[in-house]
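Below, each chain spelled out in residue letters.
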Amino acid sequence: MLRRTLLATAAAASMALTGAAMADGHEKTKACFVYVGPIGDGGWTYQHHQGALAVQEEFGDKVEIAYQESVPEGADAERVLTQMALSGCNIIFTTSFGYMDATNAVAAKFPDIKFEHATGYKREHPNVSTYDARFYEGRAVVGHIAGRMTKTNKIGYIASFPIPEVIQGINSYFHHAKKANPDVELVVTWVYTWFDPAKEADAARAMIDQGVDVITAHTDSTAPLAEAAKEGGKVIGFGQASDMAGFMTNDDGTPGPRVASIIDNWNPYYIKRVKAVMDGTWEQGASWAGMPEGEVVIGEMTDVIPADVQAEVNEMIAAITAGTYHPFTGPINKQDGSAWLADGEVADDGTLAGMKFYIEGITGDIPQ
Amino acid sequence: MVRLEKRPSPSKTWTYLTPIVAVVATMIAGGLMFAALGKDPVEAIRIIFWDPLFHEQFASFSRPQLLVKAAPLILIAIGLSLGFRAGIWNIGAEGQYIMGAIVGAGIGLAFYPLDSFLVFPLMVISGAIGGFLWAMIPGLLRVYFRTNEILVSLLLVYVAEFILASMSLGLLRNPEGAGFPGSRNLKSYPAGHNAELIAGTGMHWGVVAAFIAVIFAYILLARHMLGFQIKLAGQAPRAARFGGVNPDRLILFCLGISGALAGLAGLFEVSGPSGQISIDFNVGYGFTAIIVAFLGRLHPIGILLAGLLMALTYIGGELASLMLGIPAAAIQAFQGMLLFFLLAVDVLTNYRIRFGKAEVA
C-alpha cells in the first residue's frame, strides 16, 4: 500500500504544481508518447511520431512533447509509464497493443493523468481511452491492386500476430484481391513481431521463392520492400503504416517496388485529444476512425499501376470515404464454407473487433 | 614503442580496478557520444547514474525498481558464472528463462482458481525444473554426443521463443481475453502472484532468491569441494582430470544449475513484474546476464554489484531518454561500451604495458 500512497502523493504534488502553474497561464501541457520501435523505423512508430510533431506544431510553446522509443511490451512498459507520469505528463499515448495491461495498471495510480491506448480494448479506468484506425479499409484498396497486378496469381501477406486487427487486414486484402482476380491465391507468413527487419526480410524472401509477386506487410519496417526491390521489378509491394516513398524509384532510376501505400495519419486525433486536455474537456472514448476522417490514407500510386486499375482504385477510395461502400459487404462466407454475411449485408463493428476467422478461399489456419 | 608484456600471474590490483576504470571510461566515451548528439553530457551522465537513486521526484519509485530489474540478471548471472569458470559455456539462458516461466506459470494456471498457499511454491519448483530440463538438452548432447554446448544452447533460445508464441496463442491463452494472445494475468490470481513482500520496496521472492543464490555460490566456490573442482577444471583441465574430476558430471551440474536458476528468474518475472505469459515476455535478461557475469568478474559479490549497476543503466537510461530525448539506440550503445571497455581494460590484468624496445631474450 505504501508504494501506492507514495506514488499517489507524488502524482498529486506534481498535479498540484502543474495545475497551479497552468492557472496563471505559464505552464505547458505535457504530451508524452511511448513507442514500440525506433522513431526511424520508417513505418508504424515513425508515423506516430509524426503525430507527436504535429501536436507540437499546432500548439507551439503551449505544449511540451516527450517520448520514449523501443519500449518492450511487458514489465518494462509499466515502469516507463510510471516514470512518465511522475515526470509531469498530462496525457500519455501508448502506441502499441501490448501496452494494454500496463496502461491500465498505471492509469489506476494516476487518476488525474489521461491515457490513450492505441489498438487495445481495455478501458478499466475513467482516465483511459482507446483509439484505433480502420486499417482494413486500406487493405481493401491494396488487395484490389494486388489482384489486378499479380502475374503468378500468388500474393503474400506478412502477418505479425494473430489478433483481430491483423485478421481483418488479411481477410480484407484477400476478399478484394479475389474480387478483382478469381484465380488469386494468398500466402500468409506469421513472424510474431512488430518490428524486426531481419525476420521481415526473411519472410518476404521465403514468399518470393514460392512465386509470390505482390507482398503486403503488417509489420513496421521497410525490409519487405527492400527485399522486393532485389527482384528487378518482378515483385511489387506497398508502403505500410507510412508512405515509404523512398521505394518508389530504385537507385538506378527504374520504378521501385512500392506502387502505393497505406498511411496511418494520427495527426488529427492527437491534436484533438491534446486540445481536449488543454481545454479541460477530455472524456473517455473509444475511437475507430478510417478514410472518412482522414486517419487512413492511400499514398500516391506510381505509374507501374496501369491507368484503368488506378481509376478503379480511386473509385473505391471515393466510395469508402463517402461511406457508400464497406469493405466487408456480403456475400462473404467463412473459411469452412458457412455463411457469414448475406448478400448486401455489412459486417458490424463488434464482429470485426473480435474477428478470429478467415473468410472462404484462404488456405491454412490461424495459429492457435 | 609501446608493447604488452605478459605478467607472470594476473595482477590482483587490476582485477579489482578494471570494472571501475571501465565504468569511468564508459562515462567519458558515452559523454562524448551524447555531446555529439547535441545533449548536455554532464546532465545525461548525472541522470543515468544519479537520478534513479537520488532524484526527489523519481527516486522513491525507481530505487525499488532497481531491485526488480537487477534480480533476474543476478540470478541468471550467478548460474552462468559457475559454468563459465569451469569452461562450460551456456549461452542459452534466455531460452531456459522462457521455459521456466512457461512451465511455472502453466502449472500455476492449471490450478486456477484454486486458492491454496501451496500453488506458489509448486510454481517455483516447476519453474526451476523447466529451466533445468531445457538446459539438460545441450548438457546431455554434449556428454553423450560431444556436441558444442554453445551452439545447442543458443539455438534452443529460438525454439523456446516459438514455444512461447505457441503457448500465448494456444494452450495458455486467457479464455476470457477475447481471443487476444497472452495468458491470464497472474497479478489477479493471488495464490499464484509473486507480490511485493514489503510494499514499496520492490522486494519480491525473486529478489530474495537472487540474494540467496549469491550466498550459496559464494560458499560453494570458497568452501566446497565442487567449487574447487569448478575452478580447477577451468584453469587446468588436464590437472583436473588427473585430480579425479569427472568432466561429464561437471558439465551436467553447471548446465543444470544455471538452467534451474534461469528458470527460477523466468518464473519470478512472469508471476511478478510481468504478470503474464505473452509473445514478448522475454526481453533479453538471459543475454544481458552474460555481460553481468563478466562485469562481476564471475565472482558472486561482483555479480551482485554488476547486476545493480546494469539495472541502474537501464533505468537511468530510460530517464535520460525521456528527459533529454536521447535515442534508445544511444542508450544501448552506452551499455555496450561498458562491456567493451571492461574487456579492453582487462588486458591490463594479464599484461603490463612496457615502453621502449623489446629486450632480446
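Just so it is clear, the structure is predicted and the values come from calculations on it, not from any experiment.

1. Concerning the overall build of chain A
The helix and strand tally for chain A stands at 11 helices and 14 strands. Relative to the 2.2 N^0.38 estimate, which gives 21 Å for 368 residues, the radius of gyration of chain A is 22 Å and therefore close to what a compact globule would have. For chain A, the spread of C-alpha atoms along the three principal axes comes to 65 × 50 × 35 Å. When burial is assessed residue by residue, chain A has 52% of its 368 residues classed as buried.

2. Details of the packing of helix H4 (residues 59–85) of chain B against helix H8 (residues 205–223) of chain B
Residues and elements named next belong to chain B. Contact geometry of H4 with H8 gives a least axis separation of 8 Å together with a crossing angle of 30°. As the angle between them shows, H4 and H8 are arranged roughly parallel. Where H4 crosses over H8, the two elements pack in a sense that is left-handed. Two secondary-structure elements touch here, H4 through Leu67, Ala71, Pro72, Ile74, Leu75, Ile78 and Leu82 and H8 through Gly206, Val207, Ala209, Ala210, Ala213, Val214 and Ala217. Classifying every residue of the contact of H4 with H8 gives 13 nonpolar, 1 polar and no charged.

3. Focus: the domain arrangement of chain A
Residues and elements named next belong to chain A. Along its sequence, chain A is organised into domain 1 (2–133) and domain 2 (135–264 + 296–322). Inter-centroid distance (C-alpha atoms) of domain 1 to domain 2 is 32 Å. Facing 13 residues of domain 1, the contacting portion of domain 2 comprises 14 residues. Sort the elements by how many residues they give to the side of domain 1 that touches domain 2 and helix H2 (residues 44–59) lands first, with 4 residues. Its residues assigned to classes, the side of domain 1 that touches domain 2 comprises 5 nonpolar, 7 polar and 1 charged.

4. Concerning the nonpolar core
In this structure, Ile92 of chain A together with Ile74, Leu75 and Ile76 of chain B are the most contacted members of the largest nonpolar core, which totals 212 residues. Per element, the largest residue contribution to this core is 15 residues, and it comes from H4 of chain B.

5. Describing the sheet that holds strand S4 (residues 114–118) of chain A
All names here are of chain A. Across the sheet, which stays open at both edges, the 6 strands sit in the order S2-S1-S3-S4-S5-S11 with parallel pairing between neighbours. Edge positions in the sheet fall to strand S2 (63–68) and strand S11 (286–289), since each of these pairs with one other strand and no more. Neighbour-to-neighbour, the strand axes of the sheet open up by a mean angle of 15°, direction not taken into account. Bridging between strand S3 (residues 91–94) and S4 involves 4 bridges; their strand directions are parallel. Residue pairing for S4: Ile92 is matched across the bridge by Phe115. On top of the sheet, helix H4 (residues 100–109) reaches S3, S4 and strand S5 (128–133); it is set at about 170° to S4, its chief contact.

6. Quick look at the interface of chain B and chain A
Counting residues at the interface gives 32 residues for chain B and 35 residues for chain A. Counting residues per element, the ones that place at least two in the side of chain B that touches chain A are H4, helix H7 (149–169), helix H13 (300–324) and helix H14 (328–350) of chain B. By residue number, the principal contributor to the side of chain B that touches chain A is H13 of chain B, which donates 5 residues. Counted by class, the side of chain B that touches chain A contains 18 nonpolar, 11 polar and 3 charged residues.

7. Some words on the environment of His117 of chain A
All names here are of chain A. Along the chain, His117 falls in strand S4. Residues His117 and Met100, spaced 17 residues apart in sequence, show a C-alpha to C-alpha distance of 6.8 Å. If we skip the residues at most four places from it in the chain, His117 touches Thr94, Tyr99, Met100, Thr103, Val128 and Thr130.

8. Things to note about the confidence of the model for chain B
Per-residue pLDDT for chain B averages 89, and the proportion of residues at 70 or more is 98%. Our summary of model confidence lists the complex with pTM equal to 0.81 and ipTM equal to 0.78.

9. Comments concerning the packing of H8 of chain B against helix H9 (residues 225–235) of chain B
All names here are of chain B. The contact between H8 and H9 brings their axes to 5 Å, and the two run at 75°. Relative to H9, the element H8 lies roughly perpendicular. Here H8 contributes Leu220, Leu221, Ala222 and Arg223 to the contact with H9, which in turn contributes Leu226, Gly227 and Lys231. Grouping the constituent residues of the contact of H8 with H9 by class yields 4 nonpolar, 1 polar and 2 charged.

10. Some details on the domain arrangement of chain B
Residue and element names in this part refer to chain B. Taken domain by domain, chain B consists of domain 1 (1–39 + 329–361) and domain 2 (55–325). Relative to domain 2, the C-alpha centre of domain 1 lies at a distance of 29 Å. Counting residues at the interface gives 9 residues for domain 1, matched by 9 residues for domain 2. Considering each element in turn, the side of domain 1 that touches domain 2 owes the most residues, 6 residues, to H14.

11. Things to note about the pairing of strand S1 (residues 29–34) of chain A
Residues and elements named next belong to chain A. Counting buried positions over the 6 residues of S1 gives 5, a clear majority of the element. The pairing of S1 with S2 spans 6 bridges and is classified as parallel. When the bridges of S2 are listed, Thr29 appears paired with Val63. Inspection of the sheet shows S1 paired to S3 by 4 bridges, in the parallel sense. Counted as the bridge partner of Cys32 is Ile92 from S3.

12. Quick word on helix H3 (residues 75–86) of chain A
Residues and elements named next belong to chain A. Here H3 spans 17 Å end to end across 12 residues, near enough to the 16 Å set by a 1.5 Å rise per residue. Across the 12 residues of H3, 12 count as buried, placing the element largely inside the fold. Taken together, the buried positions of H3 are occupied by Ala75, Asp76, Ala77, Glu78, Arg79, Val80, Leu81, Thr82, Gln83, Met84, Ala85 and Leu86. Of the residues trailing H3, Gly88 is marked for its positive phi of about 95°.

13. Notes on H4 of chain B
An α-helical turn contains 3.6 residues, so a residue and the one three or four places further along point in the same direction. Residues and elements named next belong to chain B. The end-to-end C-alpha distance of H4 is 36 Å, a good match for the 39 Å that 27 residues give at a rise of 1.5 Å each. Taken as a whole, H4 carries its principal kink of about 35° at Ala70; the proline Pro72 stands between one and four residues after it. In terms of burial, H4 is largely enclosed, as 24 of its 27 residues are buried.

14. What to know about the sheet that holds strand S12 (residues 296–299) of chain A
By way of backbone hydrogen bonds, the strands of a sheet pair with one another, either parallel or antiparallel. Residues and elements named next belong to chain A. The strand order across the open sheet built from 6 strands is S7-S6-S8-S9-S10-S12, with neighbouring strands paired in mixed fashion. On the outer flanks of this sheet lie strand S7 (185–190) and S12, each paired with one strand and no other. Pairs of neighbouring strands in the sheet enclose a mean axial angle of 15°, with direction left out of account. Sheet topology places strand S6 (residues 154–159) next to strand S8 (residues 214–217); 4 bridges connect them, and they run parallel. Among the inter-strand pairings, Gly156 is bridged to a residue of S8, identified as Ile215.

How each quantity is defined
- Residues numbered from 1 in each chain as written.
- Chains lettered and ligands numbered in written order.
- Predicted model: local features only at pLDDT ≥ 70, side-chain atom pairs only at ≥ 80, totals over all residues.
- Helix = DSSP H or I, 4+ residues; strand = E, 2+ residues; numbered from the N terminus.
- Rg over C-alpha atoms; globule rule 2.2 N^0.38 Å.
- Buried ≥ 20, exposed ≤ 12 C-beta atoms within 10 Å, placed from the backbone.
- Axes fitted to C-alpha atoms, helices over the stretch in contact; angles between N-to-C directions.
- Parallel < 35°, antiparallel > 145°, perpendicular 65-115°, else oblique.
- Left-handed = near helix turned anticlockwise from the far one by under 90°.
- Contact = placed C-beta atoms within 7 Å.
- Nonpolar A, V, L, I, M, F, W, Y, C, P; charged D, E, K, R; others polar.
- Domains from an automatic or database assignment.
- Core = buried A, V, L, I, M, F, W, Y, C linked by C-beta atoms within 7 Å.
- Pairing = 2+ DSSP bridges.
- pLDDT = per-residue confidence, 0-100.
- Expected span 1.5 Å × (residues − 1).
- Bend = angle between axes of the 7 residues up to and from the residue.

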